[in-house]
Amino acid sequence: MPRQAVTETGWPAAAIEQPVVYGEEGLVAWSAIVHLKSDAVWGIPARSIPEVRKALDWAVARFHVPKTEEHGLPILYAEQFNRSRESWWQADFLRLILEVIQRAEATQVDLNGDFADIYRPLERARLDTSLPCDLLVPIPRLEFDDPLQIEMEEDVSLVPIEPEMQLARAPLVEPDGHIGAYRAAAATHALRFKDVVISNENYMQRMVSPLLGDDILSIQQIMRIDAALQAVSIGMLQPYGYQQVVVVPDGWSDGWRGHLPSVLKLEVANRAEAGRWHFNPWRDPTFPWPNEIAERIPGAWKQLTSERRGYAYAGRRLQMLATRDNEADRILDCVSGLEAVLMRPRDRSTGERFALRAAARVVGGNDCDSPEALEGFWDHFERAEQLYKQRNKIVHGGHHGELLSHPSDDMRQAAHHGEFLLRWTLGKLVPDEQWVTAGELHNQGIAMLEGTTRSLGSRPDLVRRARTLLGRLSL
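Bear in mind that the values here come from a model prediction, so they are computed numbers and not experimental data.

(A) Region of the structure containing the overall build of the chain. When helices and strands are counted, the chain shows 17 helices and ten strands. Counting across all 475 residues of the chain, residues that qualify as buried make up 43%. Partitioning the contacts of the chain with sequence separation of at least 6, the portion at a separation of at least 24 is 75%.

(B) Representation of the pattern of salt bridges. A complete count under the given rule lists 17 salt bridges for this structure. Of the charged contacts, one joins Arg-316 and Asp-226 as a salt bridge, the two residues approaching to 3.1 Å between their closest N and O atoms. Note that Arg-316 is positioned in helix 11 (residues 311-320) and Asp-226 in helix 9 (residues 219-236), a separation of 90 residues in sequence. Given the relative accessible area of 1%, Asp-226 is considered buried. Via salt bridges that share partners, Glu-327, Arg-330, Glu-419 and Arg-423 belong to a single interconnected network.

(C) Focus on unusual backbone geometry. The backbone phi angle of Arg-141 is positive, close to 75 degrees, even though this residue is not glycine. Counting through the fold element by element, Arg-141 comes out in the loop between strand 5 (130-138) and strand 6 (150-153). A positive phi angle is found at Asp-195, which is not glycine, with a value near 60 degrees. Tracing the backbone shows Asp-195 in strand 8 (residues 189-199).

(D) Spatial organisation of the pairing of strand 5. Taking burial as the measure, the nine residues of strand 5 include seven buried ones, the bulk of the element. As judged from the eight bridges shared by strand 5 and strand 8, these two strands associate in the antiparallel manner. Note that in strand 8 the partner of Pro-132 across the bridge is Val-197. The pairing of strand 5 with strand 9 (residues 245-249) spans four bridges and is antiparallel. Among the inter-strand pairings, Leu-136 is bridged to a residue of strand 9, identified as Val-246.

(E) Looking closely at the confidence of the model for the chain. With 70% of its residues at a pLDDT of at least 70, the chain reaches an overall mean of 76. Counted against residues more than four places away or in other chains, residues 33-44, with its pLDDT under 50, gives 27 contacts.

(F) Here's a closer look at the side chain of Ser-157. Among the secondary structure elements, Ser-157 is positioned in strand 7 (residues 156-160). The exposure class of Ser-157 is buried, given its relative accessible area of 1%. Setting aside residues up to four positions removed in sequence, Ser-157 forms contacts with Ile-150, Glu-151, Met-152, Ala-190, Leu-191 and Arg-192.

(G) A look at the layout of surface pockets. Here the largest pocket is characterised by a volume of approximately 400 Å³. Surrounding the largest pocket, 20 residues form its lining, Leu-172, Asp-254, Val-263, Leu-264 and Lys-265 being those nearest its centre. Breaking the lining of the largest pocket down by element, the ones donating at least two residues are helix 3 (78-106), helix 7 (203-208) and strand 10 (264-266). Residues that form the lining of the largest pocket fall into these classes: nine nonpolar, three polar and eight charged.

(H) Layout of the packing of helix 9 against helix 11. With their axes 9 Å apart at the nearest point, helix 9 and helix 11 run at an angle of 90 degrees to one another. With respect to helix 11, the axis of helix 9 lies roughly perpendicular. Counted together, Asp-226, Leu-229, Gln-230, Ser-233 and Ile-234 of helix 9 and Tyr-311, Ala-312, Gly-315, Arg-316, Leu-318 and Gln-319 of helix 11 form the full contact between these two elements. Residue classes in the contact of helix 9 with helix 11 are distributed as five nonpolar, four polar and two charged.

Basis of the calculations
Residues numbered from 1 in each chain as written. Predicted model: local features only at pLDDT ≥ 70, side-chain atom pairs only at ≥ 80, totals over all residues. Heavy atoms only, no water. Helix = DSSP H or I, 4+ residues; strand = E, 2+ residues; numbered from the N terminus. Buried < 20%, exposed > 50% of the residue type's maximum accessible area, 1.4 Å probe, protein only. Contact = heavy atoms within 4.5 Å. Salt bridge = Lys/Arg side-chain N within 4 Å of Asp/Glu carboxyl O. Pairing = 2+ DSSP bridges. pLDDT = per-residue confidence, 0-100. 1 Å grid on protein atoms, 1.4 Å probe; cavity = no way out; pocket = protein on both sides within 12 Å on 5 of 7 lines; lining within 4 Å. Points joined across faces, edges and corners; volume = space filled by probe spheres on them. Nonpolar A, V, L, I, M, F, W, Y, C, P; charged D, E, K, R; others polar. Axes fitted to C-alpha atoms, helices over the stretch in contact; angles between N-to-C directions. Parallel < 35°, antiparallel > 145°, perpendicular 65-115°, else oblique.

See below:
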């Protein structure tokens, strides 16, 4: 490290190629800051442990190791540990100085100006035991005609990513097996969570170890991120995921990239739409949504956080689909989520009632004499019935080896339609005025069965099935 010549104000002016030596007369009295007591021992003498002493004696005899008065495991004394700590803190102190200089140059602060605004965030990051911040969760593939901001709650919102924040966070994106780095870096909107506090009890450990989400965030905060992503997916009737969580410091900084805002990458398990997102940024092209569609998102968030009639549980199952890597788990998630909003504890003939209400949820019960609506109703009824049959095979052991490695075409089709039904059902329930109880859905389904017997004479097979179901499912 070259020694720096300084100006009259005390700030570096030019570099002199002369090594800096930190001793007792150095710039900083490191021993007074980082040293332990000189006679402290960092470790345990091996021979004080009977089992270890016995093993060592056996090794000496077996391998003819020359016996010494004291042999044992490596011991790290305080003197060695102190030298390591001192070296690390010296390097960090130099890095702090360089951060101030580089930030001043990048932001064009005059060398005779006040550097306190640059130094204080760095000092706070080193000394404070807790650090306030916001969390930014970019959502790939979510685009609108114009940038928009949607307040979901006082501390949760969907916001456009500003250009400088985009430049600061995009280099932190890493390749991922589900969501391509190109798409993650190109996200235009993000979920923002305000007033989050992370621990800084051990600054040195935080600096040398990855910033892990499980260590920094509570399980409640992680579930809140997932719930907000569910609200976006339900409101937009499209699956979305995330690959990156960014910490945006509030009043502190570990360092900057030029003039850009300070950001840190938080290591968390991503939420991708398993098996459908690719590294190729041009595959499955996305198109901007009209801004007014996003107005459904706060309604979905309200329903999810109110835990109304199983809605929050169903939303959780929908989001868990993003983490599943086999069709069997996806089918179980879909059926479990749909049952939470379609079924009642006292219901019998569960599979048929499940299919009846799921089809009624998609088609509705107002066009019960329209042949087109009736055909659509029966299409969704049969698909939902197949979904439930696949669920029964999985639960009762009928699929065995194909669960993980070789899912059948029937399983794949059932999983795909189950995800559609679950997302559509939750999406239709977003506005309060469209909330329909399980009993009301059942009545709509019965109306469609009755309409089939009247208006679908061209399909005698469906007429016969409708009459059978009417005799079995009428309330």
